[in-house]
Amino acid sequence: MRLLVLAAALLCSSALNAACPDRSVSRLEVRTVQLTELAQLLNEAATNPDPLDPTEVAVLKFGLYERWIGGYANDGLLSWVGVNFGTGEIFRVKGYAGPWLSRLPATDTMQQAATLRRRSRPIELAEVVTVHAMTPQELQGLVCLVNDFYKVPPDLPSNNQPPPIKTDSLSEVYVIKLPNATSSLDATSPEALARRSRIFEYIRTTLDSSRRSRP
């Protein structure tokens, strides 16, 4: 309960509560003045930056993201999708390494808003980057879903086994970051998994809708 209250206070403006905000509210202020206690609470779960992470993740101080690394037939494919609450932007990065470098989409077939960049450390990697500036209403909806995630127990009882990782994946990581602290959005209970899925489905749908609406 303590974490829920803090998360709600962190992510909502004073005009909004932990429930879904009134859609008539046209502006959401993400408060940072109450971050200290929650940052201390999460600090024990802090993780070191991963050198594979793109710039959008490396500079993230207040936001959340999902990282997926492919395995087996998808070995060499990577992806990151997340939100920077500080800038109010959604980002998606698709990475191509190893044999997938030769199957990188042609520049003229990429979406107009996408950017291609390359780096050689820690591995040779090509990245297709898409960024979308969220509207206040889109940001409201996301905050609502994040608050909903914290309303339910994240884990199954200890006598139950967590679901297996997908066979096409080497790893999947879900992270929420605050100033000076990082914590996972891990979940094993069905309801928590469903609520986490809705967070990232909302992010992807919002990004894809923004691309389709461009001229």
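Quantities reported herein were computed from a predicted structural model and do not represent experimental measurements.

Glancing now at the overall build of the protein. For the protein, the helix and strand inventory stands at five helices and seven strands. Listed by position from the N terminus, the elements making up the protein come as α-α-α-β-β-β-β-β-α-β-β-α. The burial tally for the protein puts 46% of its 215 residues in the buried class. Taking all contacts inside the protein whose residues are at least 6 apart in sequence as the whole, residues at least 24 apart take part in 68%. By element, 53% of the accessible surface of the protein is carried by carbon and sulfur atoms, the whole surface being about 11,900 Å².

Evaluated as defined, the whole model comprises two aromatic pairs. Centroid distance F62 to F85: 5.3 Å. Interplanar angle 45 degrees. Geometry classified as tilted. Of this pair, F62 sits in the loop between helix 3 (55-58) and strand 1 (63-70) while F85 sits in the loop between strand 2 (77-84) and strand 3 (89-97); the two residues are 23 residues apart in sequence, bridging distant segments of the chain. The burial state of F62 is the same as that of F85; both residues are buried. Ring centres 5.4 Å apart and planes at 65 degrees place the aromatic pair Y174 and F200 in the edge-to-face group. You can see Y174 sitting in strand 6 (residues 169-178) and its partner F200 sitting in helix 5 (residues 190-213), a full 26 residues away along the chain. The exposure class of F200 is buried, given its relative accessible area of 2%. Seen from the ring of Y174, R196 lies directly overhead, with NZ or CZ sitting 3.6 Å from the centre.

For the rest of this paragraph, the subject is the side chain of E56. Its location among the elements puts E56 in helix 3. Of note is the side chain of E56, whose polar atom sits 2.5 Å from the side chain of R117. Look past the residues within four positions of E56 in its chain and what remains in contact with it is F91, V93, R117 and V129.

All right, on to the pairing of strand 5 (residues 125-133) then. Of all nine residues in strand 5, seven are buried; the element is thus mostly enclosed. Linking strand 4 (residues 115-119) back to strand 5 in an antiparallel pair, the connection comprises five residues.

What follows deals with the pattern of salt bridges. Counting across every chain of the model gives nine salt bridges. Salt-bridge contacts for R117 lead to E56; the nearest nitrogen and oxygen are separated by 2.5 Å. You can see R117 sitting in strand 4 and its partner E56 sitting in helix 3, a full 61 residues away along the chain. The partner of R198 in a salt bridge is E191, with the nearest N and O atoms 3.5 Å apart. The class of E191 is partly exposed, set by a relative accessible area of 36%. In this structure, a network of salt bridges that share partners links the residues E56, R117, R119 and E127.

The nonpolar side chains of a soluble globular protein tend to be buried, and buried together. Core analysis: the biggest nonpolar cluster contains 25 residues, and L64, F85, L142, L185, I199, F200 and I203 have the highest contact counts within it. Those elements that place two or more of their residues in this core are strand 2, helix 4 (136-149), strand 6 and helix 5. Residue contributions to this core peak at six residues, all from helix 4. The contacts of L142, once residues within four sequence positions are left out, are V83, F85, M134, I199, Y202 and I203.

So, about helix 4. Along its 14 residues, helix 4 runs 20 Å from first to last C-alpha, staying within 8% of the 20 Å computed at 1.5 Å per residue. With twelve of its 14 residues buried, helix 4 lies for the most part within the structure. Residues E138, L139, Q140, G141, L142, V143, C144, L145, V146, N147, D148 and F149 constitute the buried set of helix 4.

To continue, consider the pairing of strand 1. Taken residue by residue, a regular strand's side chains alternate between the two faces of the sheet. Within strand 1, eight of the eight residues are buried, which leaves it mostly tucked inside the rest of the structure. Across the two faces of strand 1 the burial is the same, with G63, Y65, R67 and I69 and L64, E66, W68 and G70 all buried. Pairing between strand 1 and strand 2: seven bridges, direction antiparallel. Each residue of the ladder has a partner; that of I69, found in strand 2, is L78. Between strand 1 and the antiparallel strand that follows it, strand 2, lie six residues; Y72 among them carries a positive phi value of about 60 degrees.

Cut-off values and rules
- Residues numbered from 1 in each chain as written.
- Predicted model: local features only at pLDDT ≥ 70, side-chain atom pairs only at ≥ 80, totals over all residues.
- Heavy atoms only, no water.
- Helix = DSSP H or I, 4+ residues; strand = E, 2+ residues; numbered from the N terminus.
- Buried < 20%, exposed > 50% of the residue type's maximum accessible area, 1.4 Å probe, protein only.
- Contact = heavy atoms within 4.5 Å.
- Areas by Shrake-Rupley, 256 points an atom, 1.4 Å probe, with all protein chains shown as cover.
- Phe/Tyr/Trp six-rings, centres within 6.5 Å; stacked < 30°, edge-to-face > 60°.
- Lys NZ or Arg CZ within 6 Å of the ring centre and 35° of its normal.
- Polar contact = N/O pair within 3.5 Å; in protein donor to acceptor, adjacent residues only side chain to side chain.
- Pairing = 2+ DSSP bridges.
- Salt bridge = Lys/Arg side-chain N within 4 Å of Asp/Glu carboxyl O.
- Core = buried A, V, L, I, M, F, W, Y, C linked by side-chain atoms within 4.5 Å.
- Expected span 1.5 Å × (residues − 1).

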